[in-house]
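# Summary of the model geometry
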Amino acid sequence: MSTSVIENPKIVSRDEWLAARKKLLAKEKQLTRERDALAAERRQLPWLKVEKNYVFDSTAGKKTLADLFDGRSQLIVYHFMFGPDWKEGCPSCSFNMDHTDGALVHLAQRDVSFAAVSRAPLSKIEEFKKRMGWRFTWVSSYGTEFNYDYRASFTPEEVAKGKVEYNFGLVEFPSAEAPGISVFYKNQNGEVFHTYSAYARGSETTVNTYNYLDFVPKGRDEDTLPFTMAWLRHHDRYDTGYLADADKPYWPVEDTPVR
């Protein structure tokens, strides 16, 4: 629970408030136009044909990447941080997925399927998914190269080097698992293409809680925290703050802010 307080806010007349609001509105409209232009540019990126035959464990048996399209031509994959030895999924990824189920029916109307992929065994995924009350498709890539190929997991050898290839650069990262989104297209011949990937804050726009918090006076209220998202817990654990993985393999060390 946030307990910060706003000190000495500027109080003005209605006319002064309206003038300030209209000035900001002009900037907001410009940002909207720039965001639309960026989205159009994103759609024009070249595609990369997927040559490997990735096979995942699902509740319906083995499924290929092509199977995850579920009869549609577009697929969004969320790289959910859930390592094979972890007791539960990452709180930050869980925060993201809490916003997903309600969008599934609407995505389907625009020819889009969604699936989360993790390296945890399917039994752990299903147990955690049931606990969280989610409905979206979630498969296990355990034993495959999928997460490594799409730079959402790192080998022990990569981690030992101190920096890993993530978000299209070499960076220090606190975990062997990382979050991200990858997008794929399947043509009428059944060929699958990788069209886009986003990592770190690149997938943040899917988290509508943050969009709401950006409206309010205190904003995200994270500036005094040891790292961004340090306040997050699984939605059934805010009352206790309990995390099953005592070593917190999904978080940076608390004295190192991540902004």
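Here is a short report on the structure shown in this document.

## Looking at the layout of surface pockets
Of the volumes computed, that of the largest pocket is approximately 1,600 Å³. If you go around the largest pocket, you meet 38 residues; those closest to its centre are Ala39, Arg42, Gly202, Thr205 and Thr206. Of all the secondary-structure elements, those providing two or more residues to the lining of the largest pocket are helix H1 (14-43), strand S4 (74-79), helix H2 (91-97), helix H3 (101-108), strand S5 (112-118), strand S9 (180-186) and strand S10 (192-199). Looking at which element gives the most residues to the lining of the largest pocket, the answer is H1, with nine residues.

## Describing the packing of aromatic side chains
For the coordinates displayed, the defined rule picks out 30 aromatic pairs. Each member of the aromatic cluster is reached from another via a ring pair, and the members are Tyr78, Phe80, Phe82, Phe114, Phe128, Trp134, Phe136 and Trp138. Over the face of the ring belonging to Tyr210 we find Arg220, whose NZ or CZ atom lies 4.1 Å from the ring centre.

## With respect to the pattern of salt bridges
A side chain with one charge may pair with a side chain of the opposite charge, provided their charged atoms come close. With the rule as written, the count across this model stands at 14 salt bridges. Salt-bridge contacts for Asp57 lead to Lys62; the nearest nitrogen and oxygen are separated by 2.5 Å. By relative accessible area, which is 23% here, Asp57 ends up partly exposed. In this structure, the salt-bridge partner of Arg220 is Glu204, at a minimum N-O distance of 3.0 Å. Here Glu204 lies in the loop between S10 and helix H7 (208-213) and Arg220 lies in the segment after H7, a separation of 16 residues in the sequence. Each member of the pair, Arg220 as well as Glu204, is classed as buried. Here the salt bridges share partners, and the residues they tie into one network are Glu88, Arg131, Asp236 and Arg237.

## Remarks on the pairing of strand S6 (residues 137-140)
As defined by bridge partners, S5 adjoins S6 across four bridges and the pair is classed as parallel. Within S6, the residue paired with Ser118 across the bridge is Ser140. Handedness of the S5-helix H4 (residues 122-132)-S6 crossover: right-handed.

## Points about the nonpolar core
Residues Phe80, Phe82, Trp134 and Trp138 are the most contacted members of the largest nonpolar core, which totals 23 residues. A per-element tally of this core places H4 first, with three residues. Not counting residues up to four positions away in its chain, the partners in contact with Trp134 are Phe80, Ser94, Met97, Asp98, Asp101, Phe128, Lys129 and His235. Ranked by size, the runner-up nonpolar core spans 20 residues in total, among them Ala115, Val139, Phe146 and Val192.

## Quick look at the environment of Asp247
Looking at where Asp247 falls in the secondary structure, it is placed in the segment after H7. Along the primary structure Asp247 and Trp86 are separated by 161 residues, whereas in three dimensions their C-alpha atoms are 9.8 Å apart.

Cut-offs and rules
- Residues numbered from 1 in each chain as written.
- Predicted model: local features only at pLDDT ≥ 70, side-chain atom pairs only at ≥ 80, totals over all residues.
- Heavy atoms only, no water.
- 1 Å grid on protein atoms, 1.4 Å probe; cavity = no way out; pocket = protein on both sides within 12 Å on 5 of 7 lines; lining within 4 Å.
- Points joined across faces, edges and corners; volume = space filled by probe spheres on them.
- Helix = DSSP H or I, 4+ residues; strand = E, 2+ residues; numbered from the N terminus.
- Phe/Tyr/Trp six-rings, centres within 6.5 Å; stacked < 30°, edge-to-face > 60°.
- Lys NZ or Arg CZ within 6 Å of the ring centre and 35° of its normal.
- Salt bridge = Lys/Arg side-chain N within 4 Å of Asp/Glu carboxyl O.
- Buried < 20%, exposed > 50% of the residue type's maximum accessible area, 1.4 Å probe, protein only.
- Pairing = 2+ DSSP bridges.
- Right-handed = clockwise from strand over helix to strand, strands pointing away.
- Core = buried A, V, L, I, M, F, W, Y, C linked by side-chain atoms within 4.5 Å.
- Contact = heavy atoms within 4.5 Å.

Fair warning: the whole summary comes from geometry, so function is off the table for now.
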